[in-house]
Amino acid sequence: MTAQLIDGNALSRQLRADVTARVTALKANGITPGLAVVLVGENAASQVYVRNKVKACEDTGMHSVLERWPATMTEAELLARVDALNADTTIHGILVQLPLPAHIDAQKVIEAISPAKDVDGFHIASAGALMTGMPGFWPCTPYGCMKMLESIGYELKGKHAVVIGRSNIVGKPMALMLLQQNATVTICHSATKDLKAMTLQADVIVAAVGKRNVLTADMVKAGAVVLDVGMNRNDEGKLCGDVDFEGVKQVAGWITPVPGGVGPMTITMLMVNTLESAERTERR
Ligand code: NAP
């Protein structure tokens, strides 16, 4: 059996077309959704991510502001910028690109962002809203994974989902979203004793570890849905995920590629969150 591909680029194009249409409608009512992206320091990967986010804003007709600050910026200075963006009515979403330089407390900065503009969904208020099923911003990567499952018409109720990884930005929110859709959820991490025994039971596997070949074909039940969040480099320096794609696609029912899978969906859901933030201001 060869798995069907869940194409993150194609799904992103569809969703971004919908975002563009809604942005146009909002603009007709005098509101242009605006995203502020704040980058501190020179991290090479971060530079690429912020460029892609700003480009996605341009492509969907949103307003964007990219603030680049030197790595020497102090925590107090960054907190003051966040305060200013909180007060800026042209900005509906604020994203502080992580990682931040070591002398800045990232959690403190995230908590300084107004929950109403927390389009990354990392604020403790957003995490609490997700946990309790209240309205709020969902972290973009797991949100994108949920959209991928929705796009193939996958019914999660009663299914066993295994999430590998328990970070605050991917693994934990992913598990909560799957639980909200009535899946039975197992969360695995570095202290999990027998990962294969867990994944072999799974109807859905989400790999969010950051290590190549964490999931191989012998660990996957026939027909399972496999979502690969990981972003790693292979021996040739090419982008690859956590999943042994060539092997697992022989066993799985559905699989996401890397690149072209979860990655583009993350940015797409950032656009969706920013748009929805602007739509909420319209309703106020
Ligand atoms: P993270 O904070 O480093 O978390 C990694 C998780 O994997 C931890 O919970 C860790 O367990 C667990 N883990 C480590 N080794 C393991 C093993 N051998 N078996 C089982 N679990 C293991 O990483 P993250 O921020 O969640 O990101 C995970 C990956 O997704 C990275 O490659 C990152 O680049 C990628 N990512 C991609 C996107 C995208 O848009 N595609 C977005 C975000 C992240 P412990 O908690 O016990 O340490």
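Residue indices follow the written sequence of each chain, beginning from 1 at its first position. Predicted model: local features are reported for residues with pLDDT of at least 70 only, side-chain atom pairs are reported and counted for 80 or more only, and whole-chain, interface and lining totals are derived from all residues. Side-chain calculation: all heavy atoms of the structure are included, whereas hydrogens and water are not.

This part covers the overall build of the protein. Runs of H or I in DSSP of at least four residues are treated as helices and runs of E of at least two as strands, each being numbered from the N terminus. For the protein, the count of helices and strands is ten helices and eleven strands. A compact globule built from 284 residues should have a C-alpha radius of gyration of about 19 Å, and the protein, at 19 Å, falls within 12% of that. Seen along its three principal axes, the alpha-carbon backbone of the protein occupies a region of about 50 × 40 × 40 Å. Relative accessibility under 20% of the residue-type maximum defines a buried residue, over 50% an exposed one, and the middle range a partly exposed one, all with a 1.4 Å probe and only protein chains included. Here the protein holds 284 residues, and the buried ones make up 49% of them. Taking all contacts inside the protein whose residues are at least 6 apart in sequence as the whole, residues at least 24 apart take part in 70%. Under the counting rule used here, the positive set is Lys and Arg, the negative set is Asp and Glu, and His together with the chain ends is not counted. To locate a charge, the coordinates of NZ of Lys, CZ of Arg, CG of Asp or CD of Glu are taken. Both charge centroids of the protein, one from 27 positive and one from 28 negative side chains, sit 2 Å from each other. The reference for a compact globule is 2.2 Å times residues^0.38; the radius of gyration itself is calculated from the C-alpha atoms. What makes two residues a contact is simply this: any of their non-hydrogen atoms within 4.5 Å.

Another point: the sheet that holds strand E11 (residues 254–255). Spatially, E1-E11-E8-E7-E5-E6 is the arrangement adopted by the six strands of the open sheet, whose pairing is parallel. With partners counted over all chains shown, the strands left at the sheet margins are strand E1 (4–5) and strand E6 (184–188), one partner each. Pairing geometry for strand E7 (residues 204–207) and strand E8 (residues 225–228), over four bridges, is parallel. For Val204, the partnering residue across the bridge sits in E8 and is Val225. For every element, the axis is a line fit to its C-alpha atoms; helices are fit only across the contacting stretch, and the angle between N-to-C directions ranges from 0 to 180 degrees. Where helix H7 (residues 171–180) meets the sheet, it contacts strand E5 (160–164), E6 and E7, and its direction lies at approximately 170° from that of E5. In this description, strands pair whenever DSSP reports at least two bridges between them.

Moving on: the site of the ligand. Throughout this document, a residue counts as near a molecule or strand when at least one of its heavy atoms sits within 4 Å of that molecule or strand. By nearness alone, 20 residues border the ligand, and Arg166, Ser167, Ser190, Lys211 and Thr266 come closest of all. Whenever a nitrogen or oxygen atom comes within 3.5 Å of another N or O atom, the pair is scored as a polar contact, on the condition that within protein one atom can donate a hydrogen and the other can accept it, and that pairs from neighbouring residues in sequence are kept only if both atoms are in side chains. Val229 places a polar main-chain atom, nitrogen or oxygen, 3.4 Å from a nitrogen atom of the ligand. Here an oxygen atom of the ligand sits 2.7 Å away from a polar atom, N or O, in the side chain of Thr266. If the ligand stood free it would expose 920 Å²; the protein chains cover 69% of that surface. Here the shell around the ligand takes three residues from helix H10 (residues 262–283), the largest share from any one element. Each accessible area is a Shrake-Rupley result for a 1.4 Å probe, and residues are judged covered by the shown protein chains and nothing else.

This part covers the sheet that holds strand E2 (residues 34–40). Here we have three strands laid out as an open sheet, ordered E3-E2-E4, and parallel in their pairing. Unpaired on one side and paired on the other, strand E3 (63–69) and strand E4 (93–96) mark the two borders of the sheet. Averaged over neighbouring strand pairs, the angle between their axes works out to 15° when direction is ignored. Looking at chain direction, E2 and E4 are connected through four bridges and run parallel. The residue of E4 that forms the bridge with Leu35 is Gly93. Those strands touched by helix H3 (residues 75–87) are E2, E3 and E4, and its axis lies near 165° from that of E4. Taken strand by strand, H10 contacts E2 and E4, and its axis lies near 125° from that of E2.

As a further point, take H3. In a regular helix each residue adds 1.5 Å, so 13 residues correspond to 18 Å; H3 covers 19 Å between its end C-alpha atoms and thus fits that length. In this structure, the buried residues of H3 make contact with E2, E3, E4 and helix H4 (106–112). In a helix, the anticipated span is given by 1.5 Å times the number of residues less one.

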